[in-house]
Amino acid sequence: YSFLMCGIAGIYDTHGKNPVREGDLTRMRDSISYRGPDSAGHYISPDCRVGLGHRRLAIIDLTPGGHQPMRYEDTKNKIQDTNNGKIWITFNGEIYNFRELRNELQKKGYTFKSKSDTEVILAAYAEWGAECVKRFNGMFAFAIWDEKSRTLFAARDHVGIKPFYYSFENGVFLFGSEIKAILEYPLFKKEVCEESIPLYLTFGCVPAPHTLFRGVKKLPAAHSLTIDASGKMEIREYWNPLKISNFQFPISKHMEEYFVSETRRLLEDSIRMQMVSDVPFGCFLSGGIDSSTNAALMSRALGTPVETFSIGVKDFESRYNEFEYSKKTAELLGARRHETTAGREDLLAFLPQFAEHADDPQADFISFLVYYLSKLTRDSGVIVAQVGEGADELFAGYPQYPAFLSAYHTYRRYSPLSRLAAPFFSSNPYVERLMKGQEPYWGLAIAFSPRHSEHPARHSELDSESKNPYAIIQTLYNEVDSILPEADMLTRMTYLDLKIRLPEFLLARVDKMAMAHSIETRVPFLDHRLVELAFQIPESLKLKNKTTKYILKKAVRGIIPDEIIARKKQGFGAPVKEWLGNPALAKEFTDIIFKSKMRERNFFDYDKARKLITEHQSGKRDNTFRLWTLITLSLWYDRWIA
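Residues numbered from 1 in each chain as written. Predicted model: local features only at pLDDT ≥ 70, side-chain atom pairs only at ≥ 80, totals over all residues. Heavy atoms only, no water.

### Details of the packing of helix H10 (residues 344-357) against helix H27 (residues 624-640)
Turning to step 1, where the next piece is worked out: Where H10 meets H27, the closest approach of the two axes is 8 Å, and the angle between their N-to-C directions is 55 degrees. Considering the angle they form, H10 stands oblique to H27. Between H10 and H27 lies a crossing of right-handed hand. Every residue of H27 that contacts H10 at Leu-347, Leu-351, Phe-354, Ala-355 and Glu-356 is listed here: Trp-628, Thr-632, Leu-635, Arg-639 and Trp-640.
Turning to step 2, where the next piece is worked out: Looking at the contact of H10 with H27 residue by residue, the class counts come to 7 nonpolar, 1 polar and 2 charged. (Axes fitted to C-alpha atoms, helices over the stretch in contact; angles between N-to-C directions. Helix = DSSP H or I, 4+ residues; strand = E, 2+ residues; numbered from the N terminus. Parallel < 35°, antiparallel > 145°, perpendicular 65-115°, else oblique. Left-handed = near helix turned anticlockwise from the far one by under 90°. Contact = heavy atoms within 4.5 Å. Nonpolar A, V, L, I, M, F, W, Y, C, P; charged D, E, K, R; others polar.)

### A closer look at the sheet that holds strand E16 (residues 384-386)
Turning to step 1, where the next piece is worked out: Judged by pairing direction, the sheet is parallel, and its 5 strands sit side by side in the order E15-E14-E13-E16-E17 without closing on themselves. The sheet is open, and its two borders are formed by strand E15 (336-342) and strand E17 (520-522), each paired with just one other strand. Across the sheet, the mean angle from the axis of one strand to that of its neighbour is 30 degrees, orientation sign disregarded.
Turning to step 2, where the next piece is worked out: Pairing geometry for strand E13 (residues 281-284) and E16, over 3 bridges, is parallel. Within the sheet, the bridge partner assigned to Gly-282 lies in E16 and is Ala-385. (Pairing = 2+ DSSP bridges.)

### With respect to the pattern of salt bridges
As a working rule, side chains carrying opposite charge can pair if their charged atoms are close by.
Turning to step 1, where the next piece is worked out: The full count for this structure, using the stated rule, is 54 salt bridges.
Turning to step 2, where the next piece is worked out: The partner of Asp-24 in a salt bridge is Arg-21, with the nearest N and O atoms 3.0 Å apart.
Turning to step 3, where the next piece is worked out: Taking the relative accessible area as the measure of exposure, Arg-21 reaches 52% and is therefore exposed. (Salt bridge = Lys/Arg side-chain N within 4 Å of Asp/Glu carboxyl O. Buried < 20%, exposed > 50% of the residue type's maximum accessible area, 1.4 Å probe, protein only.)

### Some remarks on unusual backbone geometry
Negative phi is the rule for most residues except glycine; trans is the rule for most peptide bonds.
Turning to step 1, where the next piece is worked out: Following Gln-68, the chain continues to Pro-69 via a peptide bond in cis, the omega torsion being -5 degrees.
Turning to step 2, where the next piece is worked out: Within the secondary structure, Pro-69 is located in the loop between strand E3 (50-58) and strand E4 (70-73).
Turning to step 3, where the next piece is worked out: With an omega dihedral of 10 degrees, the bond running from Ala-208 to Pro-209 counts as a cis peptide bond.
Turning to step 4, where the next piece is worked out: Tracing the backbone shows Pro-209 in the loop between helix H5 (197-203) and strand E10 (217-218).

### Here we look at the packing of aromatic side chains
Turning to step 1, where the next piece is worked out: Per the stated rule, a full pass over the model turns up 32 aromatic pairs.
Turning to step 2, where the next piece is worked out: When the ring of Tyr-72 is compared with that of Phe-112, the centres are 6.3 Å apart and the planes differ by 40 degrees; the resulting orientation is tilted. Note that Tyr-72 is positioned in strand E4 and Phe-112 in the loop between helix H2 (98-107) and helix H3 (117-128), a separation of 40 residues in sequence.
Turning to step 3, where the next piece is worked out: You can call Phe-112 buried: its relative accessible area is 15%.
Turning to step 4, where the next piece is worked out: Three or more aromatic residues joined by ring pairs make a cluster, and in this case those are Phe-91, Tyr-125, Phe-136, Phe-140, Phe-142 and Phe-153.
Turning to step 5, where the next piece is worked out: Directly above the ring of Trp-128 sits Arg-135, whose terminal nitrogen or CZ lies 4.0 Å from the centroid.
Turning to step 6, where the next piece is worked out: Of note, Arg-599 hangs over the ring of Tyr-606, and the distance from its end group to the ring centre comes to 4.9 Å. (Phe/Tyr/Trp six-rings, centres within 6.5 Å; stacked < 30°, edge-to-face > 60°. Lys NZ or Arg CZ within 6 Å of the ring centre and 35° of its normal.)

### What to know about helix H11 (residues 367-379)
An α-helical turn contains 3.6 residues, so a residue and the one three or four places further along point in the same direction.
Turning to step 1, where the next piece is worked out: In a regular helix each residue adds 1.5 Å, so 13 residues correspond to 18 Å; H11 covers 18 Å between its end C-alpha atoms and thus fits that length.
Turning to step 2, where the next piece is worked out: Judged by how many residues are buried, H11 sits mostly within the fold: 10 of 13 residues are covered.
Turning to step 3, where the next piece is worked out: All buried positions along H11 are accounted for by Ser-367, Phe-368, Leu-369, Val-370, Tyr-371, Tyr-372, Leu-373, Ser-374, Leu-376 and Thr-377.
Turning to step 4, where the next piece is worked out: Against E13, strand E14 (307-313), E15, H10, helix H19 (501-515) and helix H24 (576-581) lie the buried residues of H11.
Turning to step 5, where the next piece is worked out: Just downstream of H11 lies Gly-381, where phi reads positive at about 90 degrees. (Expected span 1.5 Å × (residues − 1).)

### Examining the nonpolar core
The nonpolar side chains of soluble globular proteins are, as a tendency, buried together.
Turning to step 1, where the next piece is worked out: Phe-136 and Phe-142 are the most contacted members of the largest nonpolar core, which has 194 residues in total.
Turning to step 2, where the next piece is worked out: No other element matches the 10 residues that H27 contributes to this core.
Turning to step 3, where the next piece is worked out: Apart from the residues lying within four places of it in its own chain, the contact partners of Phe-136 are Ile-95, Asn-97, Leu-101, Ile-121, Ala-124, Phe-142, His-158 and His-528. (Core = buried A, V, L, I, M, F, W, Y, C linked by side-chain atoms within 4.5 Å.)

### Concerning the pairing of strand E8 (residues 165-169)
Turning to step 1, where the next piece is worked out: Pairing analysis gives 5 bridges linking E8 to strand E9 (residues 172-176), with the strands arranged antiparallel. Bridging across to E9, Ser-167 finds its partner in Leu-174.
Turning to step 2, where the next piece is worked out: Where E8 hands over to E9, the hairpin turn is made up of 2 residues, of which Asn-170 adopts a positive phi near 55 degrees.
Turning to step 3, where the next piece is worked out: In this sheet, E10 lies alongside E8 in antiparallel orientation, the contact comprising 2 bridges. Bridging across to E10, Tyr-166 finds its partner in Lys-217.

### What about the side chain of Asp-290?
Turning to step 1, where the next piece is worked out: Residue position: Asp-290 is located in helix H7 (residues 289-302).
Turning to step 2, where the next piece is worked out: The class for Asp-290 is buried, based on a relative accessible area of 11%.
Turning to step 3, where the next piece is worked out: Sequence-distant contacts of Asp-290, that is, excluding residues within four places in its chain, are made with Gly-388, Ala-391, Asp-392, Phe-525, Lys-549 and Leu-552.

### Some remarks on the packing of H11 against H19
Turning to step 1, where the next piece is worked out: Contact geometry of H11 with H19 gives a least axis separation of 8 Å together with a crossing angle of 40 degrees. Our classification of the angle between H11 and H19 gives oblique. In this structure, H11 crosses over H19, and the sense of that crossing is right-handed. When H11 is examined against H19, the residues Ser-367, Val-370, Tyr-371 and Ser-374 are found in contact with a partner set consisting of Arg-509, Val-510, Met-513 and Ala-514.
Turning to step 2, where the next piece is worked out: Class assignment of the residues belonging to the contact of H11 with H19 gives a composition of 5 nonpolar, 2 polar and 1 charged.

Structural data, given as structure tokens:
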């Protein structure tokens, strides 16, 4: 069977005025060659209206059977070998339930020439049309060209594990796994989208569908896109966990036992489904609950100990390294352990690579550790690695969650007296927003609240209605209240994280840093069935007795040692706060802000940036994330715009 982690790119000239040229298509495709170093392919339609490009990283079935772009002829309906009967695809990802779908489609009369999941997607599209995406369990971004209907159909997976960027201007639709593929098209005019800058400065990423490039968008997670021959484009949401009916019976021991057993069952099944590979397999291991569970269940599924990969920070062993715990887990499993460290000089050496690979950047300084961890993995001969992203968001694993919810419920209880207490909460952004009648929770990683007094962006950009950060937040909360009005506050918060933090911050970080080394990462905690289950667990159970990950911890008991379950959450960290706090160590980083050509554009107030540095280095305020947001934005501009 053939699974592929790849890079995709393509062109659809809906007006017929700019025929697809092979040179343009291959430049777009090869700009992301590291996403698929094993082989390359392209398809151009006979009328030169459509071009599909593909770079292949072969994971299973290393033969030419999985070559793309792939053609499928509707054998069920016996359409002859003419252009009207062909469907073409360029696909990045894996469909884990493709065998079940293949069997179902064979019973309906479909035949298959290969053993790839790619061909199953094509047959599924031939049978169910755009509804096919609802049948897939996997991570994917793909584009299908249907010669018969003259329609281009594209989709992104349920939670946004794989990226899909596009541009549609003057009748020409361009797409790619990364923005740089679109930038290679000669008629595309590269410009910064000024209105998106406040979004980046607020969230440390740009929420979908926006990007920092004018004219470039990203397809949101769980959405599909269709363009017909007239140039009409339609974007639809095909899945939303809020629409899965919630339990209506009271909280009880039976309910708790159900969620524990279902969490365990689905997690075991998710890892089992994702353990198929013809290349060496490994696991990123910190020694926490999520990665340890991954490693343990992977070892069970493989029938042999998994290879584990861990990273720490030089000179900060006691505070930031988790080698003690990752080593214990690896030894219990009999795993083959790989470790590396990275420090300040490694971070400085990484920054040009970050700029190169982050054409849609995110301001998580942990990216450099993921980058070097991926390098260690590839250098060790391993090409596929499991990661633990999503568990903290779905099962309430961050200590900030109970702290926030306690403050939220207390405020609501005593709201008539809130204005009297206002002076005591002036520095608390959550309570401040509540007193203003705003949604209090915006996410765990908010750099700048869009208050004119502290935000470095120009006021005119903050006042943009469509891209005002609060407008985006409010829209998401309105969706929850419309679909599931009885949702508790934790469910509402989780939905916000599912739409912004997970796809455009955490998953984007892993995808870009791992693919820079041609490493495929799999995310078993984000199987959409687990997401649906997590959205049904009420706040009172997820944080029972104010215990973070209460349900998940009970579910994995017996899979991993109690010592790991009980240990205090440490988190994946690096001493960037300390490096930026020391003027001698900080200068090489902060100079990136002030020496950037972005300064010529006057997008934000540089006096405020200097004040941030002074505050941070005096110990008055921790401005690590704020400063890193400005640094990464400057790096992006100098690489892609200047």
